[in-house]
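One-letter residues, chain by chain:
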Amino acid sequence: MTNPAHISKTLTCSCFHFRHLPRAPNALWGVVPPSRAFSRRIPPQRGGKLSLPTRTSPLAPLGVTAALQAKKDPSIKPRSKIFDEFSLRDRVGLVSGANQGLGLEMALALCEAGARVVYCLDRAAAPAQDWHATREYVERMANGSRLEYVSCDVTDQQRVWKIGEEIGDKEGRFDIGVATAGVPSLHINCLDYPHEQLRKVLDVNTCGALFTAQAAGRQMTRFNMSGSIILIASMSGSITNRGHAWVSYNSSKAAVIQMARSMACELGDKGIRVNSVSPGHIFTNMSAAELETRPQLLDIWSDFNPLRRIGTTDEFRGVITWLASDASSFCTGSEYAPIT
Ligand SMILES: NC(=O)c1ccc[n+]([C@@H]2O[C@H](COP(=O)([O-])OP(=O)(O)OC[C@H]3O[C@@H](n4cnc5c(N)ncnc54)[C@H](O)[C@@H]3O)[C@@H](O)[C@H]2O)c1
């Protein structure tokens, strides 16, 4: 296997040599001088030494390292581990807004990936039929996973924190927090947009996302665990959403995208990852309500996406499982978003 000390020495030397290279006019370095490009990618450590990555997966050795070990020791039987990296076996999660739509779909995906339990938070006093059917489906899957429902308004910070604490007390761990609860905006000219409406949308979409992320992060910290927090934002948070008088919704989601980046930077030292997902146009009750009043939007929304269609909730099973799992262990502060 490659000797880490050798790599460290080589990289230190490479840095030195690159500093003395003339600015190369080739495509590899483009207009960035080699020394700058290199130092941005591998920052020099104290004393001019470079430290190698220290993360060790519980499934280690993985990938090429596993292949090299197997080459040295023929008694090692190669086996595929890629799907094990996506496994959420025994993990504990919370998904807000999971009585229906994207939240419920994501909660089910986490259960299918093996989570011990996923707590679904939503404002309804009792869960809807779809939720009950999904819970029964999880039970009948018999993989040891379960769905729980907790009635909660995500704008109540103390209550969301308390629910997080109660989950922590009961389960003794906390691995995944997904903030999905959200409300659309009324169509109101931005120059007339009333304070009350603005406050309502920001309260749920922005404050509620933060309170949910806090509830998860506080428990991850309490149990000294790494974990994954995923904030459901929207492409309306970053694109120019023409044709919609949605100043509150767009602003609320822009804040969520930056919230994920900001929290990722603060929590990285604790091994807690924070990412955002901007789904694109997805067929749910929320979008159906809009399409009912303005059916012409279906063509416009479909045209936004290179696939020329809007999406379905089950198309988020993969991305949410990936972000929640160790398969995305080096992904934090990022936004998953479709090209528009
Ligand atoms: N559907 C889309 O096209 C689309 C696109 C981009 C982003 N999103 C975002 O995805 C998320 C889910 O949207 P959806 O389409 O599944 O909508 P949805 O209306 O089907 O689900 C939203 C859920 O959030 C819950 N909720 C609302 N306010 C709450 C509160 N104060 N406390 C607790 N729960 C509350 C609702 O009861 C509902 O169950 C939202 O944040 C939405 O902004 C949706």
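Residues numbered from 1 in each chain as written. Predicted model: local features only at pLDDT ≥ 70, side-chain atom pairs only at ≥ 80, totals over all residues.

In the annotation of an unreviewed UniProt entry, the entry for the protein chain reads NAD-binding protein, and the organism field reads Lyophyllum shimeji. If you open the UniProt record of the protein chain and go to Sequence similarities (unreviewed entry), you find "Belongs to the short-chain dehydrogenases/reductases (SDR) family." (UniProt positions renumbered as here; feature names shortened; annotations may be inferred.)

1. Overview of the site of the ligand
Not every one of the 27 residues close to the ligand is listed here, only the nearest: Gly97, Gly101, Gly182, Thr284 and Met286. Its residues assigned to classes, the shell around the ligand comprises nine nonpolar, 15 polar and three charged. (Near = placed C-beta within 6 Å. Nonpolar A, V, L, I, M, F, W, Y, C, P; charged D, E, K, R; others polar.)

2. Regarding unusual backbone geometry
In this model, alanine 60 is joined to proline 61 through a cis peptide bond whose omega is 0°. Residue position: proline 61 is located in the loop between α2 (34–41) and α3 (63–72). Despite not being glycine, alanine 142 shows a phi value in the positive range, around 55°. Mapped onto the fold, alanine 142 is located in the loop between α6 (129–141) and β3 (146–151). Of note in this structure, asparagine 224 is not a glycine but carries a positive phi near 50°. Note on placement: asparagine 224 falls in the loop between α8 (195–222) and β5 (227–232). (Helix = DSSP H or I, 4+ residues; strand = E, 2+ residues; numbered from the N terminus.)

3. Overview of the packing of α8 against helix α9 (residues 247–267)
Across the interface, α8 lies against α9 with an axial gap of 9 Å and an inter-helix angle of 20°. As the angle between them shows, α8 and α9 are arranged roughly parallel. For the crossing formed where α8 meets α9, the hand is right-handed. For the pair formed by α8 and α9, the contact residues are Gln197, Leu198, Val201, Leu202, Asn205, Thr206, Ala209, Leu210, Ala213 and Gly217 on the first element and Ser248, Tyr249, Ser252, Lys253, Ala255, Val256, Met259, Met263 and Leu267 on the second. Class assignment for the residues of the contact of α8 with α9 results in 12 nonpolar, six polar and one charged. (Axes fitted to C-alpha atoms, helices over the stretch in contact; angles between N-to-C directions. Parallel < 35°, antiparallel > 145°, perpendicular 65-115°, else oblique. Left-handed = near helix turned anticlockwise from the far one by under 90°. Contact = placed C-beta atoms within 7 Å.)

4. Considering the nonpolar core
Grouped together as the largest cluster of nonpolar side chains are 63 residues, with contacts concentrated most on Met106, Ala107, Leu110, Val118, Cys120, Ala213 and Leu231. For this core, the element with the highest residue contribution is α8, accounting for nine residues. (Core = buried A, V, L, I, M, F, W, Y, C linked by C-beta atoms within 7 Å. Buried ≥ 20, exposed ≤ 12 C-beta atoms within 10 Å, placed from the backbone.)

5. Focus on the pairing of strand β2 (residues 117–122)
Taken across its six residues, β2 has six buried, putting it largely inside the fold. The alternating pattern of β2 places Val117, Tyr119 and Leu121 on one face and Val118, Cys120 and Asp122 on the opposite face, and all of these are buried. Direction of pairing for strand β1 (residues 92–96) relative to β2: parallel, over a ladder of five bridges. Looking at β2, one finds that valine 92 is bridged to valine 117. In this region the chain leaves β1, passes through helix α5 (residues 101–112) and returns to the parallel neighbour β2; the handedness of that crossover is right-handed. Sheet topology places β2 next to β3; six bridges connect them, and they run parallel. Counted as the bridge partner of valine 117 is arginine 146 from β3. Remark: the β2/α6/β3 crossover connection has right-handed handedness. (Pairing = 2+ DSSP bridges. Right-handed = clockwise from strand over helix to strand, strands pointing away.)

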